[in-house]
Amino acid sequence: MRSIIKSISGVKDILPKDVKKWQLIEDKARALLEDYGFSEVRIPIIEKTDLFSRSIGESTDIVEKQMYTFLDRDGSSITLRPEGTAPVVRAYIEHSLYVKEPIQKLYYMGPMFRHERPQRGRLRQFYQIGAEVFGIKNPSVDVEILGLLIRYFEELKIEGLSLQINSLGCSRCRSPYVEEMKRYLKERYKELCEDCKRRWKKNPLRILDCKKERCQDIASRAPIILDFLCPECHRHFEGVKEEGASLNIPLEVNPRIVRGLDYYTKTAFEIVSQCLGAQNAVVAGGRFDDLVKALGGPDTPAIGFALGVERVVELLPGEGLDYGSPYLFIAPLGAEARKLATKIMSTVRPLKIKAEMEYEDKSLKAQMRRAHKLGARYVLIIGDEELKEGRGIFRDMSRKAQEDVPLDPFDRLIEELRERINNQGCPGQKNRK
Ligand code: ATP
Ligand code: MG
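Keep in mind it's a predicted model, so treat the numbers as computed, not measured.

Enquirer: I keep staring at the pairing of strand β10 (residues 281–287) and nothing clicks. Help me out?
Expert: A regular strand places its side chains so that they alternate between the two faces of the sheet. Most of β10 is tucked away: six of the seven residues are buried. Where strand β9 (residues 265–273) meets β10, six bridges bridge the pair, whose relative direction is antiparallel. Within the sheet, the bridge partner assigned to glutamate 270 lies in β10 and is alanine 284. Note that β10 and strand β11 (residues 302–308) share five bridges and pair antiparallel. When the sheet's bridge partners are listed, arginine 287 is paired in β11 with isoleucine 303.

Below, the structure written as structure tokens:
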């Protein structure tokens, strides 16, 4: 027998039972983002390597060791995108989106690629939903984005999250802080892990993000950037906190948040869950007021976030959400009943009633088992005897109740089904806009 070819480590298939969750996560995000005035942008999966090294930063984990970079046939260096912000900024500049309207709210969804050690919550191909706002420097927009995210997780019925914010200052206030950190770390150089040793000179803030226990301990006693903010950054951060409080957005200040990418300025935030183990961040984001200019565009403030879809999938509750199960399963007994069942299906489907049926000659018991497996909310049983008498049995699976419905005239049957299903609320339709 031939050997089986398996998928690559850290890269996963998403099978139909899980795709339902993915679709829910994506649909909710899309609906909410559109409500908040965002438009979708579809960016390429491959970009010139320079785009990432110049924006994310040469001495970051991503650029140093996680990028999938290869030479194209013409010898140019190409990278599979490790994140979405740099490509969106490139598109904003390349297509001069700012000329028509500097304020742009854009979102994207799709796979990102990083060569990391595969483990729970950490894949080599993973998916992000991200959004960026260009052209607004007011702290109100920071708070608006945080509010959007809180609402998103409420709609997905995900609990146990905390929203942590920090300010990373700007290029002016960050350099005295970096110097102070260098001094602090120099005294503890020997205790640092190999990675941090290598980085302390070039990028000492990275140790705040190191996952090693010893470095974390050193980080917990390190000076904090909030003590170094210039008046403007300080005002901005206070603005975010005040407005957040007035809108009842539960913000927790965490001065250790630094983010793994160099382009962040001022507000930085993470949404973390207690339920995810070591990889506990579900969303990460912040301001990147200098990035558009650094990539050759006009001086344009910006802020955004990216959420990790796999981690959201892991947090979705098992109940209380519609994962797209059929509302109606038709269980016919006998050839005549099956004919009627196909006719019912083709009539109710355009009415947005999701229907499934049994096509083979199966016992009622087997059919009910299948309806149950599919998670059907209602079952219409059409037995031979009942067919003769012109009545079917309509069963509500969640309430375990059943009643007769007339099978003819046909229009009346459809009307009856529609009324019963819609009145009791199709779970899927409630979510639809
Ligand atoms: P982490 O600290 O978990 O490594 P990060 O700082 O590298 O995250 P970002 O680059 O800001 O993360 O990405 C935003 C979100 O994307 C993360 O909060 C996480 O939910 C998700 N994410 C990042 N890397 C991975 C990965 N390798 N596998 C799965 N999800 C990921
Ligand atoms: Mg990472």
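Enquirer: Looking at this structure, how should I read the sheet that holds strand β3 (residues 68–71)?
Expert: Within a beta sheet, neighbouring strands are joined by backbone hydrogen bonds and run either parallel or antiparallel to one another. An order of β2-β4-β3 is seen for the three strands of this open sheet, with the pairing classed as antiparallel. Taken across any chain shown, the strands that pair with only one partner, and hence form the sheet edges, are β2 (46–48) and β3. Neighbour to neighbour, the strand axes of the sheet diverge by 35° on average, direction disregarded. Where β2 lies against strand β4 (residues 77–80), three bridges are found, and the strand directions are antiparallel. Paired with lysine 48 across the bridge in β4 is isoleucine 78. Its contacts with the sheet place helix α2 (residues 49–56) against β2, β3 and β4, and it is angled at close to 70° to β2.

Enquirer: Please clarify how the site of ligand 1 should be interpreted in this entry.
Expert: As a structural note, the neighbourhood of ligand 1 is formed by 16 residues, with Arg114, Glu116, Leu123, Gln128 and Arg259 the closest of them. Relative to its unbound accessible surface of 580 Å², ligand 1 loses 92% to contact with the protein. Taken together, the elements giving at least two residues each to the shell around ligand 1 come down to β6 (125–134), β10 and β11. No other element matches the four residues that β10 contributes to the shell around ligand 1.

Enquirer: What's the story with a nonpolar patch on the surface in this structure? I'm lost.
Expert: Taken together, the side chains of Ile45, Ile46 and Phe70 make up a nonpolar region of the molecular surface, amounting to roughly 240 Å² of accessible area. Topologically, isoleucine 46 is positioned in strand β2. Judged by relative accessible area, which is 44%, isoleucine 46 ranks as partly exposed.

Enquirer: Where do I start with the packing of helix α6 (residues 139–155) against helix α10 (residues 231–246) in this structure?
Expert: For any two helices packed against each other, one specifies the inter-axial angle together with the distance between the axes. Close contact between α6 and α10 brings their axes to 8 Å; oriented N to C, the two are set at 45°. Taken together, the axis directions place α6 and α10 in an arrangement best described as oblique. Our pair here, α6 against α10, has a crossing hand that is right-handed. Contacts between α6 and α10 pair Pro139, Ser140, Asp142, Val143 and Leu146 from the former with His236, Gly239, Val240, Glu243 and Gly244 from the latter.

Enquirer: Looking at this structure, I do not really get the nonpolar core. What am I missing?
Expert: Most often, soluble globular proteins keep nonpolar side chains buried together rather than apart. Core analysis: the largest hydrophobic core is formed by 98 residues, its most contacted members being Phe305 and Leu307. Ignoring sequence-local partners within four residues, the contact set of leucine 307 consists of Tyr127, Gln128, Ile129, Leu149, Tyr152, Phe153, Val282, Val283 and Val312. Counting residues in hydrophobic clusters, the runner-up holds 23 residues, among them Ile330, Leu407, Ile414 and Leu417.

Enquirer: I keep staring at the sheet that holds β9 and nothing clicks. Help me out?
Expert: Read across the open sheet, the eight strands follow the order β1-β5-β6-β11-β10-β9-β7-β8; overall the sheet is mixed. Looking at which strands have only one partner, the edges of the open sheet turn out to be β1 (39–40) and β8 (251–253). Across 10 bridges, the pairing between strand β5 (residues 104–113) and β6 is antiparallel. By the bridge assignment, lysine 105 is partnered in β6 with valine 133.

Enquirer: Mind showing me how you'd approach the environment of glutamate 132 here?
Expert: Looking at where glutamate 132 falls in the secondary structure, it is placed in strand β6. A sequence separation of 156 residues divides glutamate 132 from phenylalanine 288, and the C-alpha atoms of the two residues are 9.8 Å apart. Sequence-distant contacts of glutamate 132, defined by excluding residues within four places in its chain, comprise Phe38, Gly84, Thr85, Val88, Gln104, Lys105, Leu106, Tyr108, Phe288, Ile303, Gly304 and Phe305. One polar contact links glutamate 132 to threonine 85, side chain to side chain, over a distance of 2.8 Å.

Enquirer: I'm lost on the side chain of aspartate 289 in this one. Help?
Expert: Along the chain, aspartate 289 falls in the loop between β10 and α11 (291–294). A polar side-chain atom of aspartate 289 sits 3.1 Å from the main-chain amide nitrogen of alanine 302.

Enquirer: Explain helix α14 (residues 364–374) to me, please; I cannot follow it from the model alone.
Expert: Side chains of residues three or four places apart in an α-helix project in the same direction, reflecting 3.6 residues per turn. For α14, the complete set of buried residues consists of Ala366, Gln367, Met368 and Ala371. On the buried face of α14, the contacting elements are β12 (328–332), β14 (378–382) and β15 (391–396). One or two residues past the end of α14 sits glycine 375, with phi positive at roughly 75°.

Enquirer: Before we go on, may I ask you to explain the packing of aromatic side chains in this structure?
Expert: Given two aromatic rings, their pairing is described by the distance between the two centres and the angle made by the two planes. Taken as a whole and judged by the stated rule, the model has 10 aromatic pairs. Between tryptophan 22 and tyrosine 127, the aromatic rings sit 5.1 Å apart at their centres with planes inclined by 90°, giving edge-to-face as the arrangement. Taken as a pair, tryptophan 22 in helix α1 (residues 16–35) and tyrosine 127 in strand β6 lie far apart in primary sequence, 105 residues in all. With relative accessibility at 7%, the residue tryptophan 22 sits in the buried group. Overall, tyrosine 127 belongs to the partly exposed group, its relative accessible area being 22%. Geometrically, the ring pair formed by tyrosine 152 and phenylalanine 153 is edge-to-face, given 5.3 Å between the ring centres and 65° between the ring planes. Accessibility assignment for this pair places tyrosine 152 and phenylalanine 153 in one class, buried. Among the aromatic residues, those joined into a cluster by ring pairs are Tyr92, Tyr98, Phe134, Tyr263, Tyr264 and Phe288.

Calculation notes
Residues numbered from 1 in each chain as written. Chains lettered and ligands numbered in written order. Predicted model: local features only at pLDDT ≥ 70, side-chain atom pairs only at ≥ 80, totals over all residues. Heavy atoms only, no water. Buried < 20%, exposed > 50% of the residue type's maximum accessible area, 1.4 Å probe, protein only. Helix = DSSP H or I, 4+ residues; strand = E, 2+ residues; numbered from the N terminus. Pairing = 2+ DSSP bridges. Axes fitted to C-alpha atoms, helices over the stretch in contact; angles between N-to-C directions. Contact = heavy atoms within 4.5 Å. Near = heavy atom within 4 Å. Areas by Shrake-Rupley, 256 points an atom, 1.4 Å probe, with all protein chains shown as cover. Patch = residues over 30% accessible without salt bridge, like charges linked within 9 Å, V, L, I, M, F, W, Y side chains within 5 Å. Salt bridge = Lys/Arg side-chain N within 4 Å of Asp/Glu carboxyl O. Parallel < 35°, antiparallel > 145°, perpendicular 65-115°, else oblique. Left-handed = near helix turned anticlockwise from the far one by under 90°. Core = buried A, V, L, I, M, F, W, Y, C linked by side-chain atoms within 4.5 Å. Polar contact = N/O pair within 3.5 Å; in protein donor to acceptor, adjacent residues only side chain to side chain. Phe/Tyr/Trp six-rings, centres within 6.5 Å; stacked < 30°, edge-to-face > 60°.

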